[in-house]
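Here is how the chains run, residue by residue.
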Amino acid sequence: MPSDPSAHVWGELADDAVADRIVESALAVADGHSEYADVRLIEAEEMRLYTQVGADPDERLEHSRGIGVRVLVDGAWGFASRPLMDREDAEVAARQALASARASAGVTAPVKLEPMSPASGRYESAVEIDPFTVGADVRQCLLDEVLANVSRSSSVVAAQAGLNAKRQHRHLGNSEGSRQHQHFVETGGGVIATASGHGDVQRRSYPNSFHGNTAGAGWEYVATLDLAAQAVRVGEEAVALLTAPVAPAGRADVVLGPQQVSLQIHESSGHALELDRILGDEANYAGTSFIGVDDIGSLRYGSPAVTITSDPTIPGTRGSFAFDDEGTPARRTRLVDEGIVRATLSNRDAAARSGQELTGAARADGWGYLPVCFATHVYLEPGSGSLDELLDRLGDGVYADDNRSWSIDNRRWNFQFGTEVAYEVRNGKRGRLLKNFSYGGTTPQFWGSVEAVAGPEELRIFGYPCGKGEPKQWGFLSHAAAPVLVRDLRIGVA
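First things first, this report covers the structure right here in the doc. (Residues numbered from 1 in each chain as written. Predicted model: local features only at pLDDT ≥ 70, side-chain atom pairs only at ≥ 80, totals over all residues. Heavy atoms only, no water.)

Quick look at the overall build of the protein chain now. A count of helices and strands for the protein chain gives 10 helices and 23 strands. The C-alpha radius of gyration of the protein chain comes to 23 Å, within 12% of the 23 Å expected for a compact globule of 494 residues. Taken over the C-alpha atoms alone, the protein chain extends approximately 70 × 55 × 40 Å along its principal axes. Out of the 494 residues belonging to the protein chain, those deemed buried represent 58%. For the protein chain, the share of sequence-separated contacts (at least 6 apart) that also reach a separation of at least 24 residues comes to 75%. Approximately 19,000 Å² of the protein chain is accessible, and the part contributed by carbon and sulfur atoms is 49%. The protein chain carries 46 positive and 67 negative side-chain charges, and their two centres are separated by 4 Å. (Helix = DSSP H or I, 4+ residues; strand = E, 2+ residues; numbered from the N terminus. Rg over C-alpha atoms; globule rule 2.2 N^0.38 Å. Buried < 20%, exposed > 50% of the residue type's maximum accessible area, 1.4 Å probe, protein only. Contact = heavy atoms within 4.5 Å. Areas by Shrake-Rupley, 256 points an atom, 1.4 Å probe, with all protein chains shown as cover. Lys, Arg positive; Asp, Glu negative; His and termini not counted. Charge placed at Lys NZ, Arg CZ, Asp CG, Glu CD.)

Here the focus is the packing of aromatic side chains. Taken as a whole, this structure holds 14 aromatic pairs when the rule is applied. Relative to Trp406, the ring of Phe210 has its centre 5.2 Å away and its plane inclined at 65°; by these criteria the two rings are edge-to-face. Highlighted residues: Phe210 in the loop between strand E7 (200–206) and strand E8 (213–215) and Trp406 in strand E16 (residues 397–408), separated in sequence by 196 residues. Taking 6.3 Å as the distance between ring centres and 25° as the angle between the ring planes, the aromatic pair formed by Tyr301 and Trp447 counts as stacked. (Phe/Tyr/Trp six-rings, centres within 6.5 Å; stacked < 30°, edge-to-face > 60°.)

So, about the environment of Leu113. Inspection of the secondary structure assignment puts Leu113 in the loop between helix H2 (89–104) and strand E4 (121–124). Overall, Leu113 belongs to the buried group, its relative accessible area being 18%. Between the C-alpha atom of Leu113 and that of Val425, which follows or precedes it by 312 residues, the distance is 53 Å.

Let us look at a negative patch on the surface. On the surface, a cluster of negative charge is made up of Asp388, Glu389, Asp392 and Glu457. Within the secondary structure, Asp392 sits in helix H9 (residues 387–394). (Patch = residues over 30% accessible without salt bridge, like charges linked within 9 Å, V, L, I, M, F, W, Y side chains within 5 Å. Salt bridge = Lys/Arg side-chain N within 4 Å of Asp/Glu carboxyl O.)

What follows concerns the layout of surface pockets. The volume enclosed by the largest pocket comes to roughly 1,200 Å³. Arg318, Pro465, Cys466, Trp474 and Phe476 are, among the 50 residues lining the largest pocket, the residues nearest its centre. Mapped by element, the contributors of at least two residues to the lining of the largest pocket are strand E1 (36–52), strand E2 (58–73), strand E5 (156–174), strand E6 (179–197), E8, helix H6 (258–270), strand E21 (460–468) and strand E22 (473–481). For the lining of the largest pocket, the element with the highest residue contribution is E5, accounting for seven residues. Tallied by class, the residues present in the lining of the largest pocket amount to 18 nonpolar, 19 polar and 13 charged. (1 Å grid on protein atoms, 1.4 Å probe; cavity = no way out; pocket = protein on both sides within 12 Å on 5 of 7 lines; lining within 4 Å. Points joined across faces, edges and corners; volume = space filled by probe spheres on them. Nonpolar A, V, L, I, M, F, W, Y, C, P; charged D, E, K, R; others polar.)

Leu256, Ile291, Leu380, Phe437, Tyr439 and Trp447 are the most contacted members of the largest nonpolar core, which totals 68 residues. Counting residues per element, this core draws most heavily on strand E17 (residues 414–426), at six residues. Beyond its immediate sequence surroundings of up to four residues, Leu380 is in contact with Val261, Ile265, Val306, Thr307, Ile308, Trp447, Val453, Leu459, Ala480 and Val484. (Core = buried A, V, L, I, M, F, W, Y, C linked by side-chain atoms within 4.5 Å.)

For the rest of this paragraph, the subject is the packing of helix H1 (residues 16–30) against H2. H2 packs onto H1 with a crossing angle of 35° between their chain directions and a minimal axis gap of 8 Å. Judged by the twist between their axes, the crossing of H1 over H2 is right-handed. On the side of H1, the interface is formed by Ile22, Ser25, Ala26, Val29 and Ala30, while H2 contributes Ala90, Glu91, Ala94, Arg95 and Leu98. Its residues assigned to classes, the contact of H1 with H2 comprises seven nonpolar, one polar and two charged. (Axes fitted to C-alpha atoms, helices over the stretch in contact; angles between N-to-C directions. Left-handed = near helix turned anticlockwise from the far one by under 90°.)

Quick look at the sheet that holds strand E12 (residues 340–341) now. A sheet is described by the order of its strands in space; here six strands give the open sequence E12-E11-E10-E15-E22-E21, paired in mixed fashion. Taken across any chain shown, the strands that pair with only one partner, and hence form the sheet edges, are E12 and E21. Here nine bridges tie E21 to E22, and the two strands are oriented antiparallel to one another. By the bridge assignment for E22, Lys468 is matched with Gln473. Contacts from H6 reach strand E10 (308–310), strand E15 (377–380), E21 and E22, with the element oriented near 130° to E22. (Pairing = 2+ DSSP bridges.)

Now the structure itself:
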């Protein structure tokens, strides 16, 4: 089915020409008074619908439209943002940003930016079915069926099903001549079941244990999830876990499923490779990194089976875009190549300060926030073979998937994770269901113990929200992974 361009025809900032006029009026104020200026206009609308057994549906629709102006004066940043209500708002924001920069001059070391040629263009998410045209009755009917299926057993004491959709117009112009227009749509959903009995409480979820799953696509993505049918399995597995034996402790060879690997990438790879964390900019809140600038290009981070890539040019993910939020064109970058750290997730400021490669990872939640380094679409390159072939290679051990809990220190060094589900594996075959599986270690030890990664046919993509910055903002990104075989993993740690 072809993409439907009408999905992007909504709101006052759908028109690129209208956006250009607002951008130019703000840049004109900064012209001649700053070394650099950029203007971001964002109009966003988000729908979230959640239903729980025994409760009324909770549906929320949020809309915002505003401007953020960032200027560099005498080596100091100034930033101001405001809702777009009147014609004067753009110029007012620019004047406030200039005043902020002048007041900040001399307080910190002068900011320098990585040089960049002007880059202009237009981008749209491919959408087959606009999720905002799907009727409320259709959405509610689907969630009612999901809840009925997931809670067939009386042992399921709580269940939640949800749908979400977001659309955005994001425009950027800067004093270097870049003019960019991006129009995004994302859609997702998920289901969670909690079962109680036999002195225990267990949880199962689908398709991602972390706030469901969201893709850079339209309602057609929800259709691929097959939520109603999967809900039956989710409910049955939650109940089965109540009487399953507890997973063993000690050391074991383990195959981790794609959802669990995706969160491992997020916590121990994505965050550890954010250049602003590496430089200490996020030490007061998000944390730092065990990776140093001098490690780039030489640090043995994982085994030769581990190659981690940032590539927002891959369409259809929550981390897909053509330009990041300070206008750097999207690009494919090998962050870790056959186990060696080669590059970071960087923005222009941090790249210039550290001498590292600019990789286009400046992201901002909305018009009211400064861009910071966030993951894009960061994934583990697949290897070869099916999951069954990987389990056969495992021999005896454990297969585990779907994150239940996690903890990792602020340097992204020591960690422990728990999964919702695990299976005993004997002679390469899945056997008994196990509950309360957990594992722990250090980041280079874990990735260094990865013996093999399953092939592209087992690759799965997961969209995530991620909190960072001060004041806190949300980044929306994605990770992809196929199952991995990890040898001699410490298990039963939580």
